[in-house]
Amino acid sequence: MAGPALAQTAFQLDEVVFSANRFPTLRTATGSAITVVGREEIVAAGRFQLSDVLARQPGVTAVQQGPLGTLTQLRIRGNEPRYVATFIDGIRVDDPSLIRSEFDFGALGGTDIGRVEILRGSQSALWGGSAVAGVINIETLGALEDGITQTAEIEGGSFRTLGLRYGFGQRTERGEMALNLSFVRSDGFSAADENDGATEDDGFRARRVGFSLRHAISDAVTLGASGFAQASDGDYDQGFPIGDAPNTTRRREAGARVFAEFATGAGTQEVGISRYRVSRRFVTRPPDFPSDNTYVGERTRIDWLGSTELSAATTLVYGADWEREAYDQSGNFGAFDSSTRIAGAFVQALVVPLDGVNLQASARVDDHSRFGRFTSGRLAGAWMVADTVTLRGSVANGFRAPSNFELFSDFGDPTLEPERSRSLELGADLRLGAAGFGITVFDLRLSNAIDFAGSSYSNVPGQSRRRGVELTADLMVGDRWTLGGNYTFTDARDRAGERSWRVPRHDLALSAEVLLTDRLRHTTTLQALGGRLDNGGKPMPGFGVVNTRFAYALTDRAELTVRIDNLLDRQYQLVQGYGTSDRALYVGLSSRF
């Protein structure tokens with residue numbers, strides 16, 4: 001089993017990544033900061049919520065409003081989640097039914113996730129709108145080995161939580177397929193903090209099915225498809241101030257993509273069509289204001305991606321995409337529906353002018369059905385000064401298109417222009433034997449922001465800024481110990497120069513993994529946040545949470561796990577008024593056959 005997520009930086013510098021250039025590239029050859037989270041790290045952090053492990057990565061923080069299933073937003077480098085583009089198996093899953101299109105990680109577990117790439121910095125030149133702060137590219141679990149493999153997992157524990165998963169995979173010379181089924185339920189705890197007198201548990205239940213397949217019908221043509229469907233139901237609290245209420249939410253979402261790949265001798269071509277639909281129903285009851293509202297978002301996307309090797313030193317990567325987003329609202333808060341369309345095309349040159357020097361230059365033009373055209377670009381480079389030292393950097397601009405709600409609701413303005421960004425980062429990676437170190441300095445500025453002003457949304461003047469530094473380190477001690485850590489300092493300021501809310505100035509994550517015996521592995525992690533403000537600029541106390549896990553290999557294909565979250569039973573809040581888990585114990589059993 002590989003080490004935990006926090007101990008991966010230096011030892012996998014030669015790992016191949018896709019998101020940075022939309023083309024398979026060695027990590028050491030890209031100028032952008034990127035983190036890869038593998039299956040082992042996801043499982044070690046707990047299968048119930050993927051955001052738990054993502055929040056431990058450099059530059060990433062999670063803001064969750066209660067227990068499993070409640071609203072969970074991921075921020076990259078202090079930027080709001082509407083500036084992050086999220087994909088699952090090539091399907092864009094930013095939620096068009098929200099006021100601002102973003103992905104809610106609260107209902108996404110880690111049971112069927114195989115790998116995640118987190119790309120930081122403005123990436124609109126390659127990925128289009130919303131990729132202002134970065135891109136989260138999620139791949140579901142595929143076939144694990146040649147032939148047929150089946151997997152089964154069960155985990156349960158505190159808050160009457162139970163998770164089940166079954167997976168089937170098959171890999172042949174011509175292709176592979178995978179099917180994943182999962183279920184989770186939990187009585188949870190009160191979303192409104194129990195330390196403030198709340199006593200009503202807010203539970204959650206979800207069922208999910210996902211599949212992926214690809215088959216080479218010839219040496220030059222491969223066909224494939226992927227998809228998922230999830231039904232989830234939960235309880236939540238809200239209000240000002242927040243308190244217990246028997247509110248419920250019902251969420252149904254599904255996505256699918258079909259694609260064809262063509263090998264053309266000097267390169268490859270891929271054409272895909274995807275569809276994503278999400279429906280959210282919220283029912284609030286006294287003491288909150290009684291209401292029943294349903295929000296539906298749909299996205300249809302057609303994409304083309306190609307690459308051509310012009311010479312041994314130059315490769316062109318290019319593509320185009322078209323999207324239609326639709327929004328429909330009904331219930332006590334009124335009814336309306338609307339849609340927008342956007343189309344874009346990009347080209348990127350990957351150049352190796354000298355041995356150890358890799359340069360990337362990209363440009364993109366998007367055309368929106370409301371505001372017209374926007375041009376974005378990115379320059380990036382990496383220089384391997386020596387076998388142990390890599391210098392990297394990038395400069396880019398980006399944009400976020402206004403959502404359907406911001407444009408067409410009773411509070412909208414159909415003349416809104418896109419939000420704009422400029423991003424700069426410089427970094428270095430150093431590997432000294434069994435030790436690895438990394439540093440990235442970043443600066444991102446946002447202008448033309450869309451905000452609620454007066455009685456409607458509007459583009460407001462001024463510029464906000466996020467700047468800081470990300471540090472990573474890891475160390476192998478002998479053949480049994482792996483130590484790792486990362487620290488992010490973020491100075492996030494709004495247009496008036498005041499500190500932004502819900503952005504920790506200090507974010508520290510540490511891990512230690514030890515192979516106690518040939519069969520028993522132990523992992524302990526610490527995450528500490530400090531320097532936070534919440535609504536109204538109210539200071540929030542810093543905190544540190546320790547999680548620990550033991551994994552015992554019963555056989556070569558079966559494993560027993562015991563993990564304790566919040567080992568020291570710290571009392572803290574991620575959002576003012578909302579509770580977090582007390583000390584919790586979970587026991588799991590997994591098998592592959």
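Rules and cut-offs
Residues numbered from 1 in each chain as written. Predicted model: local features only at pLDDT ≥ 70, side-chain atom pairs only at ≥ 80, totals over all residues. Heavy atoms only, no water. Helix = DSSP H or I, 4+ residues; strand = E, 2+ residues; numbered from the N terminus. Rg over C-alpha atoms; globule rule 2.2 N^0.38 Å. Buried < 20%, exposed > 50% of the residue type's maximum accessible area, 1.4 Å probe, protein only. Contact = heavy atoms within 4.5 Å. Lys, Arg positive; Asp, Glu negative; His and termini not counted. Charge placed at Lys NZ, Arg CZ, Asp CG, Glu CD. Pairing = 2+ DSSP bridges. Salt bridge = Lys/Arg side-chain N within 4 Å of Asp/Glu carboxyl O. Phe/Tyr/Trp six-rings, centres within 6.5 Å; stacked < 30°, edge-to-face > 60°. Core = buried A, V, L, I, M, F, W, Y, C linked by side-chain atoms within 4.5 Å. Polar contact = N/O pair within 3.5 Å; in protein donor to acceptor, adjacent residues only side chain to side chain. Patch = residues over 30% accessible without salt bridge, like charges linked within 9 Å, V, L, I, M, F, W, Y side chains within 5 Å. Areas by Shrake-Rupley, 256 points an atom, 1.4 Å probe, with all protein chains shown as cover.

1. Some remarks on the overall build of the chain
- Helix and strand content of the chain: four helices and 35 strands.
- Relative to the 2.2 N^0.38 estimate, which gives 25 Å for 593 residues, the radius of gyration of the chain is 23 Å and therefore close to what a compact globule would have.
- Principal-axis analysis of the C-alpha atoms places the extent of the chain at approximately 70 × 65 × 50 Å.
- Counting every position in the chain, which comprises 593 residues, the buried fraction comes to 56%.
- For the chain, the proportion of contacts with a sequence separation of at least 24, taken over those separated by at least 6, is 60%.
- In the chain, 63 positive and 73 negative side-chain charges are present, and the distance between their average locations comes to 2 Å.

2. Description of the environment of Gly114
- Along the chain, Gly114 turns up in strand 8 (residues 113-120).
- Between the C-alpha atom of Gly114 and that of Ala225, which follows or precedes it by 111 residues, the distance is 17 Å.
- Excluding residues that lie within four positions of it along the chain, Gly114 makes contacts with Val37, Gly38, Arg39, Ile42, Glu139, Thr140 and Leu141.

3. Structural notes on the pairing of strand 34 (residues 558-565)
- Taken together, the seven bridges between strand 33 (residues 543-555) and strand 34 define a ladder with antiparallel strand orientation. From the neighbouring strand, Phe550 faces strand 34, where its bridge partner is Val562.

4. Details of the pattern of salt bridges
- If you walk through the whole model with that rule in mind, you get 54 salt bridges.
- Arg160 is paired through a salt bridge with Asp187; the nearest N and O atoms lie 3.4 Å apart. Of the two residues, Arg160 is situated in the loop between strand 10 (147-157) and strand 11 (161-171) and Asp187 in the loop between strand 12 (175-186) and strand 13 (204-216); the sequence distance between them amounts to 27 residues.
- Asp187 sits in the partly exposed class, given a relative accessible area of 24%.

5. Considering the sheet that holds strand 8
- Reading across from one edge, 3-8-9-6-7 is the order of the five strands in this open sheet, with mixed pairing throughout. Edge positions in the sheet fall to strand 3 (34-38) and strand 7 (91-92), since each has one partner strand and no second.
- Relative to strand 9 (residues 134-140), strand 8 runs antiparallel, the two being bridged by seven bridges. Within strand 9, the position partnered with Arg120 by the bridge is Gly134.

6. Notes on unusual backbone geometry
- Pro286 connects to Pro287 through a cis peptide bond whose omega is 10 degrees.
- Within the element layout of this structure, Pro287 appears in the loop between strand 16 (267-284) and strand 17 (291-311).
- Of note, Arg77 is a non-glycine position whose phi angle comes to about 55 degrees, a positive value.
- Inspection of the secondary structure assignment puts Arg77 in the loop between strand 5 (72-76) and strand 6 (84-88).

7. So, the packing of aromatic side chains
- Applying the stated criterion across every chain, the model contains 18 aromatic pairs.
- Taking the centre distance of 6.4 Å and the plane angle of 75 degrees together, the rings of Phe371 and Phe399 count as edge-to-face. Here Phe399 lies in strand 22 (residues 389-400) and Phe371 lies in the loop between strand 20 (357-368) and strand 21 (372-386), a separation of 28 residues in the sequence.
- You can call Phe371 buried: its relative accessible area is 11%.
- Aromatic ring contacts, followed pair by pair, group Tyr327, Phe336, Phe405, Phe411, Phe452 and Tyr457 into a single cluster.

8. What to know about the nonpolar core
- Among the nonpolar cores identified, the biggest contains 31 residues, and Leu50, Leu54, Phe105, Val116, Ile136 and Ile138 are the most heavily contacted of them.
- Those residues in contact with Leu54, other than ones at most four positions away along the chain, are Val37, Val60, Leu74, Phe105, Val116 and Ile118.
- In terms of nonpolar packing, the next biggest core, distinct from the first, is built from 15 residues, Val17, Phe87, Leu119 and Ala131 among them.

9. Some thoughts on the side chain of Asp288
- Its location among the elements puts Asp288 in the loop between strand 16 and strand 17.
- Buried and without a salt bridge, Asp288 has Arg285 as its closest oppositely charged side chain, separated by 9.5 Å.
- A distance of 2.7 Å separates the side chain of Asp288 from the side chain of Asn247, its partner in a polar contact.
- The contacts of Asp288, once residues within four sequence positions are left out, are Gln238, Ala245 and Asn247.

10. Overview of a nonpolar patch on the surface
- Taken together, the side chains of Ile154, Leu164, Leu516, Phe550, Tyr552, Leu554, Leu560, Val562, Leu585, Val587 and Leu589 define a hydrophobic patch exposed on the protein surface, amounting to about 850 Å² of accessible area.
- Contributing elements (two or more residues each) for the nonpolar patch: strand 33, strand 34 and strand 35 (584-592).
- Locating Leu560 in the fold gives a position in strand 34.

11. Some points on the environment of Leu407
- Its location among the elements puts Leu407 in helix 4 (residues 404-408).
- We classify Leu407 as buried; its relative accessible area is 1%.
- For the pair formed by Leu407 and Tyr276, sequence separation is 131 residues and the distance between their alpha carbons is 21 Å.
- When residues no more than four places from it in sequence are discounted, the contact partners of Leu407 are Thr340, His368, Arg370, Pro402, Gly412, Asp413, Pro414 and Leu416.

12. Focus: the environment of Val351
- Of note, Val351 is situated in strand 19 (residues 336-354).
- A relative accessible area of 26% places Val351 in the partly exposed class.
- Sequence spacing of Val351 and Leu316 is 35 residues, and the spatial spacing of their C-alpha atoms is 8.7 Å.
- When neighbours within four sequence positions are excluded, Val351 is seen to be in contact with Ala313, Thr314, Val357, Asn358 and Leu359.

13. Quick notes on the pairing of strand 6
- Here strand 6 lies mainly inside the structure; five of its five residues are buried.
- Here strand 6 pairs with strand 9 via five bridges, running parallel. Looking at the pairing, Val84 lines up with Gly134 of strand 9.
- Bridging between strand 6 and strand 7 involves two bridges; their strand directions are antiparallel. In the sheet register, Ile88 faces strand 7, and the bridge partner there is Ile91.

So yeah, pure geometry; function would need other evidence.
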